[in-house]
There are 2 protein chains.
Amino acid sequence: MNKKTKFILDEEDMPRYWYNIQADLPKPLPPVLHPGTGNPIGPQDLAPLFPMELIKQEVSTERYIEIPDEVRDVYRLWRPTTLFRAHRLEKALDTPAKIYYKYEGTSPPGSHKPNTAVAQAYYNKMEGIKRITTETGAGQWGSALSFAGSFFGIEIKVYMVRISYDQKPYRRVMMEAWGGKCIPSPSPETQAGRNMLAKDPDSPGSLGLAISEAVEDAVSRDDTHYSLGSVLNHVLLHQSIIGLETKALMEKIGVYPDIIVGCVGGGSNFAGMYLPFVKDKIDGTKPNLRIINVEPASCPTLTKGPYAYDFGDQAGLTPLMKMFTLGHNFMPPPIHAGGLRYHGMAPIICHLLNLGLVEARAEHQLGTFMAGITFARTEGIISAPETMHAIKVVIDEALKCKESGEAKTILLAHSGHGHVDMAAYEAYLSGKLSDYEHPTGAIKESLAQLPKVY
Amino acid sequence: MNKKTKFILDEEDMPRYWYNIQADLPKPLPPVLHPGTGNPIGPQDLAPLFPMELIKQEVSTERYIEIPDEVRDVYRLWRPTTLFRAHRLEKALDTPAKIYYKYEGTSPPGSHKPNTAVAQAYYNKMEGIKRITTETGAGQWGSALSFAGSFFGIEIKVYMVRISYDQKPYRRVMMEAWGGKCIPSPSPETQAGRNMLAKDPDSPGSLGLAISEAVEDAVSRDDTHYSLGSVLNHVLLHQSIIGLETKALMEKIGVYPDIIVGCVGGGSNFAGMYLPFVKDKIDGTKPNLRIINVEPASCPTLTKGPYAYDFGDQAGLTPLMKMFTLGHNFMPPPIHAGGLRYHGMAPIICHLLNLGLVEARAEHQLGTFMAGITFARTEGIISAPETMHAIKVVIDEALKCKESGEAKTILLAHSGHGHVDMAAYEAYLSGKLSDYEHPTGAIKESLAQLPKVY
């Protein structure tokens, strides 16, 4: 098996520009609406939360946006990342398919998240911001932002959902190692937190409430902004470096993917991979390219939700975005892939799905772990439970190739390692893991509460 | 700060040979002795435990030993590894020193250990072995060997010290994810284990007992061998790929280190880095090269132990090796750098220290964590507590350069990440970590029990 396994760009060839899909969309994105008036929101509505550069990126139609030198200098600590050819997995599956994966797990926080965290910290620093607040569920985003804050001298304050704070102390410690401050939500530090604690002193918290706390904290202080780790256009823009690096490497090797596969929660990792490729489908160069967004069957946003205006958060504080949604009150079952438990999806992904440019598939938990173990025992990497969703579909597609005899090129967006998810592996390996019933009733109930758009 | 940060060899340029220091030693290593007779041991004494290829490597004086293709093919999953220039750390320290580090933390198990685990699994496979037993303390070695076993279809059975088995369940799960079997030691599966359980059903176990169980298991079955993750000559040989890659990269850049720094427990990681460099000191090309072995002040083998014959294990089952030692009965304080809690040291390192070719330094725990946090907040990497010992000395040497104005080149052997050591970070960050009294009494007591050599 003396075939090349790893492909990596020279540090000098790391992309100097992010790619902005808004320049190439066949139809522009539906506007984001103010929940009070139903009118499109403007920059001034977002200014208390985000620096103006990010607000501009959110609506820009420039095709390429320069990556500041200061951001590239931090990226260098782990970027460019490696593209692997999965020879061992191919052999184990006895498939003619050629499987590649771009691996984002070598970033210090262990996932793709710092690609945007570093950029966001930088633009806030440039605007004189001293503090950034955010929320975190399982802790990946909170640790990525703490990591980013340490390079620009910005204080990071993370509101971590109480139940995760108690169950995953090591993620909190990781944030603290990078200098971040992490407190459980509900906290006594905000009105939203105090209200909840008065109602239920033992509240386990929720991502929606943690967002409310982080936003309240940010707007109450002039030196403080708020930061979001997925969903928004500027976040997907920053993640496009994944796809740009991959495309440059594949051009060097002389291959082009037939199928691109990744997992989607808010969607930023996978969109970051495929936006530079979907461009080729839009302009007609690669009409047959297939792009498969993989989501959990227990949180089937793209495969079962309607395309409608909804809030981005559970508490209903954000503007209204048009997206496939299960309703902002939908509470997904407690699957181990915490990063995929989101009721909505990045508006850009939803728009592309609606235009028929990408497709979606839902996978059950048990099958994804089976795929993850196969990956660990062939390619060696212990993958995050989120990533296993994509691995499941890669294996399925490779096995289809075996049946049909086609030597398709399959590209996997591998979003990160599972070193802090070993409890999930333990549950699976000890036979305690189960699938969840399809949450039909809960989705119906939640969809009944979609906001009315004026 | 637009200076190059990362240096990595092309996959094609990954070394094809390991470097064997025994070819270049100014004086040969002292013989390994049979504890019963006091005579040098021969291959037949080791044959029940190790494949003949490894026994040959243990005593070979060939300068270069070819790395089998099958081993290189697995290495490709994470090798060659990256050499970093620590621009941000240099800036934070305001030092004229140029700091480089070779990072082994991107291997799937997270450390340098698989460099030898993969080779050992391969040679056992070639000899028709179906099962390998080993012991593990904190779990790094057990997971590296499980990882390696998965590629060659070898069953890995790990005896994990009971107290670690209970305290660090995730390391066990990692072994299982790769298909390894891990049970707590003392176990009811061996006579040694049953004896201990009869005496104390709640025994927390010890590394010495776990070795006894693994060895008893291995010799009781024809299809089974035993494997050791450090100390032995063939282990250091396999780790020499770290130094060979580093040397090749530094030659490309046109620099040569003035000081090389690494941490030592059994010594395989750091020796793997510096053996290809110490060659230049032996042959007189680089007479001023300094090589600093860093150990914990609470387990000061090289700085406080005598150079004497001792057992490699606590139970007194192994042959006698000449090494700096605190006595095989020495029980180091429970510092978080579990991988450095070893009473002895690789005989090759001890020989080089005795010849004055390398030096040693001991560091206290608190200072190493302070250094580790500085590294996390500048270079971004959460380091293992073992590695922090080396980082402490790198920072000290860089600060000396600041005082003297010298722009020395300092090379750090970075052995791995600390993602599974967050409990240690938590103890430090919450102010609960303390230094240990120097274990003078315990060392004296243990040294009184050194074996008599005939």
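Please read these numbers as outputs of a predicted model, since none were measured by experiment.

As for the overall build of chain A
And then number 1: Each helix and strand counted, chain A has 18 helices and 15 strands in total.
And then number 2: Whereas a compact globule of 454 residues would reach a radius of gyration of roughly 22 Å, chain A reaches 21 Å, a difference of no more than 12%.
And then number 3: Viewed in the frame of its principal axes, chain A has a C-alpha envelope of about 60 × 50 × 45 Å.
And then number 4: Put simply, of all contacts in chain A between residues at least 6 apart along the chain, 77% involve residues at least 24 apart.
And then number 5: As presented, chain A carries roughly 15800 Å² of accessible surface, and 52% of it is formed by carbon and sulfur atoms.
And then number 6: When the 46 positive and 50 negative side-chain charges of chain A are each reduced to one mean point, those points stand 4 Å apart.

Digging into empty space enclosed by the protein
And then number 1: Per the stated rule, a full pass over the model turns up seven cavities of 30 Å³ or more.
And then number 2: Estimated volume of the largest cavity: approximately 510 Å³.
And then number 3: In terms of lining, the largest cavity is formed by 34 residues, of which the most central are Tyr 103, Gly 105 and Thr 106 of chain A together with Tyr 103 and Thr 106 of chain B.
And then number 4: Broken down by class, the residue content of the lining of the largest cavity amounts to 18 nonpolar, 14 polar and two charged.

Things to note about the state of the cysteines
Residue and element names in this part refer to chain B.
And then number 1: Applying the stated rule across the entire model yields zero disulfides over all chains.
And then number 2: Considering cysteine sulfurs only, Cys 299 is the nearest to Cys 263, which forms no disulfide, with 13 Å between them.
And then number 3: The class for Cys 263 is buried, based on a relative accessible area of 5%.

A look at the packing of helix 17 (residues 422-429) of chain A against helix 8 (residues 169-177) of chain B
Helix packing geometry: the angle between the two helix axes and the distance between the axes.
And then number 1: Where helix 17 of chain A contacts helix 8 of chain B, the axes come no closer than 9 Å and their chain directions differ by 55 degrees. As summarised for this structure, helix 17 of chain A and helix 8 of chain B are arranged oblique, according to the angle between their axes. Of the two possible hands of crossing, helix 17 of chain A and helix 8 of chain B adopt the one that is left-handed. Here Met 422, Ala 423, Tyr 425, Glu 426 and Leu 429 of chain A of helix 17 of chain A lie close against helix 8 of chain B, whose contacting residues are Tyr 170, Arg 172, Val 173, Met 174, Glu 176 and Ala 177 of chain B.
And then number 2: For the contact of helix 17 of chain A with helix 8 of chain B, a count of residues per class yields eight nonpolar, no polar and three charged.

Side note on the interface of chain A and chain B
By a widely used convention, the size of an interface equals the accessible area lost when the partners come together.
And then number 1: Chain A puts 47 residues into the contact, and the matching count from chain B is 47 residues.
And then number 2: Here chain A packs against chain B, burying approximately 4300 Å² in sum over the two surfaces, 54% of which is carbon and sulfur.
And then number 3: Counting every contact that joins chain A to chain B gives six salt bridges.
And then number 4: Between Lys 4 of chain B and Glu 11 of chain A there is a salt bridge; the shortest N-O distance is 3.6 Å.
And then number 5: At the junction of chain A with chain B, the criterion picks out 25 residue pairs in polar contact (both at pLDDT 80 or more).
And then number 6: Sorting the residues of the side of chain A that touches chain B by element identifies helix 3 (69-75), helix 6 (140-152), helix 8 (169-177), helix 15 (365-379) and helix 17 of chain A as the ones contributing at least two each.

What to know about the environment of Ala 337 of chain A
Residue and element names in this part refer to chain A.
And then number 1: Note that Ala 337 resides in the loop between strand 13 (320-324) and helix 14 (347-354).
And then number 2: Ala 337 sits in the buried class, given a relative accessible area of 2%.
And then number 3: Along the backbone, Ala 337 and Ile 292 are 45 residues apart, and their C-alpha atoms lie at a distance of 18 Å.
And then number 4: Those residues within four positions of Ala 337 in sequence are excluded, and the remaining contacts are Pro 385, Glu 386 and His 389.

Structural notes on the pattern of salt bridges
And then number 1: A full pass over the atoms with the stated rule returns 52 salt bridges over all chains.
And then number 2: Close ionic contact of Glu 12 of chain A with Lys 4 of chain B constitutes a salt bridge, the shortest N to O distance being 3.8 Å. A residue pair is termed interchain when its members come from two chains, as with Glu 12 of chain A in the loop between strand 1 (6-7) and strand 2 (17-19) and Lys 4 of chain B in the segment before strand 1 (6-7).

Some thoughts on helix 11 (residues 233-253) of chain A
The α-helix advances 3.6 residues per turn, and as a result positions three or four apart in sequence lie on the same side.
Residue and element names in this part refer to chain A.
And then number 1: The end-to-end C-alpha separation of helix 11 is 30 Å, in line with the 30 Å expected for 21 residues at 1.5 Å each.
And then number 2: Maximal helix bending in helix 11 amounts to about 30 degrees, located at Gln 239.
And then number 3: By the criterion of burial, helix 11 is predominantly enclosed, with 17 of the 21 residues buried.
And then number 4: Gly 254 lies just past helix 11 and shows a positive phi near 85 degrees.

Focus on a negative patch on the surface
And then number 1: A cluster of acidic residues, Asp 10 and Asp 13 of chain A together with Asp 10 and Asp 13 of chain B, forms a negative patch at the surface.
And then number 2: For Asp 13 of chain B, the location among the structural elements is in the loop between strand 1 and strand 2 (17-19).

A word on the relation of the copies chain A and chain B
And then number 1: Between the two copies, chain A and chain B, the superposition gives an RMSD of 0.0 Å; the rotation angle is 180 degrees and the shift along the axis is 0.0 Å. What the superposition gives is, in effect, a two-fold axis relating one chain to the other.
And then number 2: By residue overlap, the copies meet face to face through one surface: 100% of the interface positions of chain A are interface positions in chain B.

Structural notes on the nonpolar core
And then number 1: Judged by nonpolar contacts, the single largest core of 59 residues is most densely connected at Tyr 226, Ile 260, Tyr 274, Leu 275, Val 278 and Leu 352 of chain A.
And then number 2: With seven residues, the top contributor of residues to this core is helix 12 (residues 268-282) of chain A.
And then number 3: When neighbours within four sequence positions are excluded, Leu 352 of chain A is seen to be in contact with Leu 25, Tyr 274, Leu 275, Val 278, Leu 357 and Val 358 of chain A.
And then number 4: With 58 residues, the next largest nonpolar core counts Ile 242, Met 323, Met 345 and Ile 349 of chain B among its residues.

Topic: the layout of surface pockets
And then number 1: Computed from the structure, the second largest pocket encloses a volume of approximately 520 Å³.
And then number 2: Taken together, 24 residues form the lining of the second largest pocket, with Ile 8, Leu 9 and Asp 10 of chain A together with Ile 8 and Asp 10 of chain B sitting closest to its centre.
And then number 3: For the lining of the second largest pocket, the per-class residue count stands at twelve nonpolar, no polar and twelve charged.

Side note on unusual backbone geometry
Note on backbone geometry: most residues besides glycine have negative phi, and most peptide bonds are trans.
And then number 1: With omega at 5 degrees, the peptide bond leading from Ser 185 of chain A into Pro 186 of chain A counts as cis.
And then number 2: Relative to the helices and strands, Pro 186 of chain A is located in the loop between strand 8 (181-185) and helix 9 (191-199).
And then number 3: In this chain, Arg 79 of chain B is followed by Pro 80 of chain B through a cis amide linkage whose omega measures -10 degrees.
And then number 4: For Pro 80 of chain B, the position within the fold is in the loop between helix 3 (69-75) and strand 4 (83-85).
And then number 5: Its identity is not glycine, yet Asp 94 of chain B carries a phi of approximately 50 degrees, on the positive side.
And then number 6: Inspection of the secondary structure assignment puts Asp 94 of chain B in the loop between helix 4 (87-93) and strand 5 (98-103).
And then number 7: The exposure class of Asp 94 of chain B is exposed, given its relative accessible area of 53%.
And then number 8: Even without being a glycine, Val 231 of chain B presents a positive backbone phi close to 70 degrees.
And then number 9: Summarising the element assignment, Val 231 of chain B is placed in the loop between strand 9 (224-226) and helix 11 (233-253).

Some details on the sheet that holds strand 8 (residues 181-185) of chain B
Across a sheet, strands are paired by hydrogen bonds formed along the backbone, either parallel or antiparallel in direction.
Residues and elements named next belong to chain B.
And then number 1: On the basis of which strands lie adjacent, the open sheet formed by four strands has the order 8-7-6-9 and parallel pairing. Lying at the two open borders of the sheet, with one neighbouring strand each, are strand 8 and strand 9. On average, each strand axis in the sheet is inclined to that of its neighbour by 25 degrees, with strand direction left out of account.
And then number 2: Bridge count for strand 6 (residues 131-136) against strand 9 is three bridges, and the pairing is parallel. What sits directly across from Arg 131, in strand 9, is Thr 224.

About the criteria used
- Residues numbered from 1 in each chain as written.
- Chains lettered and ligands numbered in written order.
- Predicted model: local features only at pLDDT ≥ 70, side-chain atom pairs only at ≥ 80, totals over all residues.
- Heavy atoms only, no water.
- Helix = DSSP H or I, 4+ residues; strand = E, 2+ residues; numbered from the N terminus.
- Rg over C-alpha atoms; globule rule 2.2 N^0.38 Å.
- Contact = heavy atoms within 4.5 Å.
- Areas by Shrake-Rupley, 256 points an atom, 1.4 Å probe, with all protein chains shown as cover.
- Lys, Arg positive; Asp, Glu negative; His and termini not counted.
- Charge placed at Lys NZ, Arg CZ, Asp CG, Glu CD.
- 1 Å grid on protein atoms, 1.4 Å probe; cavity = no way out; pocket = protein on both sides within 12 Å on 5 of 7 lines; lining within 4 Å.
- Points joined across faces, edges and corners; volume = space filled by probe spheres on them.
- Nonpolar A, V, L, I, M, F, W, Y, C, P; charged D, E, K, R; others polar.
- Disulfide = S-S within 2.5 Å.
- Buried < 20%, exposed > 50% of the residue type's maximum accessible area, 1.4 Å probe, protein only.
- Axes fitted to C-alpha atoms, helices over the stretch in contact; angles between N-to-C directions.
- Parallel < 35°, antiparallel > 145°, perpendicular 65-115°, else oblique.
- Left-handed = near helix turned anticlockwise from the far one by under 90°.
- Buried area = accessible area lost by both parts, 1.4 Å probe.
- Salt bridge = Lys/Arg side-chain N within 4 Å of Asp/Glu carboxyl O.
- Polar contact = N/O pair within 3.5 Å; in protein donor to acceptor, adjacent residues only side chain to side chain.
- Expected span 1.5 Å × (residues − 1).
- Bend = angle between axes of the 7 residues up to and from the residue.
- Patch = residues over 30% accessible without salt bridge, like charges linked within 9 Å, V, L, I, M, F, W, Y side chains within 5 Å.
- Least-squares fit on C-alpha atoms with pLDDT ≥ 70 in both.
- Core = buried A, V, L, I, M, F, W, Y, C linked by side-chain atoms within 4.5 Å.
- Pairing = 2+ DSSP bridges.

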